[in-house]
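Residue-level structural notes
Read off the chains here:
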Amino acid sequence: MTERLQSNDLDTPALLDTLSSELRNLLKNRNIENPVMIGIHTGGLWVAEELHKKLNIEQPLGALNITFYRDDFTRIGMHPQVQPSNLPFNIDDQHIILVDDVLHTGRTIRAALNEIFDYGRPASVMLAVLVERGCRELPVSADVAATQIKLEKNQHIKLNRNAASELFLSIEETAK
Amino acid sequence: MKRFDIQLDNDNQLRHFLTIEGLKKQMLLDILDNAENFSSVSSRQIKKVPLLRGKTIANLFFEASTRTRTTFELAAKRLSADVVNININTSATKKGESLLDMLHNLEAMQVDMFVVRHHSSGAAHFIAQHVAPHISVINAGDGSHAHPTQAMLDMFTIRRHKQDFTKLSVAIVGDIMHSRVARSQIHALNTLGVPEIRVIGPQTIIPNEAAHLGVHVYHDMQQGLQNVDVVIMLRLQRERMEGALLPSENEYFHMFGLTEEKLKLAKPDAIVMHPGPINRGVEIESSVADGPQSVILEQVTHGISIRMAVMSMALGRPSLTEGGQS
């Protein structure tokens, strides 16, 4: 068994660079010239803000709040503090880059896809995530991921943003 | 059990929404913030989210209503709930046992929420006391007692235009005595920290206890409207009046109707509100109701968002799925 992964094993700025260049390659391979980008609140939106700049995407960045589409709504209730979804473009026939911070069970992405299709019919949706960890519960996979990591069940990875707007990943452990 | 605890479950989450009275400021702010999020749904091409899929909501209207019933129905449908509208002809309805029998029949059809409008004050409370533990009751107006979703949509409209409640002066004009809307508005404005609440109207239709509600009473429009930020006009409710409380409608309009002239006494950026339906030329001049300071139709739009917020808060409580019921 290898050693458990720690927070300082993850170089977040380098991962953002990796994600950005892999995404650029993917768009080139698929001949997509004018994509739109949508970030999932809250961590996914932070990553999307960085990628949106790095890739010089023309259309404004979209933000998705999947609260109204969650499959566990009746278990967790309403959270009024999160900002609502805002897609400032028509999504019909667009190539969409959906961005999240961590791909884990796949349930968030299921909810996000449902919400996107309530706005229209995109030409395609691809998924870009900063971190891919195991434990998928749905047939969802990322088109690009800056890194794949293996975490124990009681380890949680989280994206944070400090006062200087710098992003950094941290790994926390809960008691077994 | 204390009377107002009936609205909350064991986790202090909103289970029934019967009155503003007794609810904490944070609860009202949560309703407003949730409604803010829901307002974006109504501007989408597909005005629907799957939040309450599989829930059934029964609208029980024992009293006529167009706006309230329609916006409750649209709110439920935009949350993907199934809605049944039951219009009860008041003359055919018997009181007491027959009402409870009807409720139990609806419960047997696995209804999750009752939205109740009734001509008797306390009707929604009565129903809330008798429903099965998993069912929520929303008061859509009971007699002259309370109309909490109307008050919250009014607070929502005020916040959209004026942001900070703690700097406002708000005037409510007209038939305070018979108005469940005014009662709920006063509780909400007080809870949200509005420092100056005025009620304006003829002595005969301002209840004696008004002064105890933390409001200033005026019997003269010229004085009462001075420098207010918000003017809320109320409908003259002839159907609830017994005996001769008022002079002619003409004379009422002359003294308490809102005209462009009288509106100039308020702040230049004051907004004009009315819960509807409006009686043009009785409590409000047409040019004011349709004028640039009027937000009357915005209120209607916001009613959908507020009702979506309240319905999802009541039906999305974690305790419902854990089986831990209040």
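What you see is a predicted model; the values in this text were computed from it and never measured. (Residues numbered from 1 in each chain as written. Chains lettered and ligands numbered in written order. Predicted model: local features only at pLDDT ≥ 70, side-chain atom pairs only at ≥ 80, totals over all residues.)

Overview of the interface of chain A and chain B
Counting residues at the interface gives 15 residues for chain A, matched by 20 residues for chain B. Listing elements by their share of the side of chain A that touches chain B, those giving two or more residues are helix H3 (73-76) and helix H4 (107-119) of chain A. For the side of chain A that touches chain B, the leading source of residues is H3 of chain A, giving four residues. A class-by-class count of the residues in the side of chain A that touches chain B yields eight nonpolar, five polar and two charged. (Contact = placed C-beta atoms within 7 Å. Helix = DSSP H or I, 4+ residues; strand = E, 2+ residues; numbered from the N terminus. Nonpolar A, V, L, I, M, F, W, Y, C, P; charged D, E, K, R; others polar.)

Quick look at the domain arrangement of chain B
All names here are of chain B. Assigned domains within chain B: domain 1 (3-146 + 301-322) and domain 2 (148-297). For domain 1 and domain 2, the distance between their C-alpha centres works out to 26 Å. Each partner contributes residues to the interface: domain 1 has 28 residues there, and domain 2 has 21 residues. Those elements that provide at least two residues to the side of domain 1 that touches domain 2 are helix H1 (25-39), strand S4 (136-142) and helix H11 (296-315). Ranked by the residues each element gives to the side of domain 1 that touches domain 2, the list is headed by H11, at seven residues. (Domains from an automatic or database assignment.)

A look at the sheet that holds strand S2 (residues 62-64) of chain A
Residues and elements named next belong to chain A. Across the sheet, which stays open at both edges, the five strands sit in the order S2-S1-S3-S4-S5 with parallel pairing between neighbours. On the outer flanks of this sheet lie S2 and strand S5 (144-149), each paired with one strand and no other. Looking at each pair of strands side by side, their axes are set apart by 25° on average, direction ignored. As defined by bridge partners, strand S1 (residues 36-40) adjoins S2 across three bridges and the pair is classed as parallel. (Pairing = 2+ DSSP bridges. Axes fitted to C-alpha atoms, helices over the stretch in contact; angles between N-to-C directions.)

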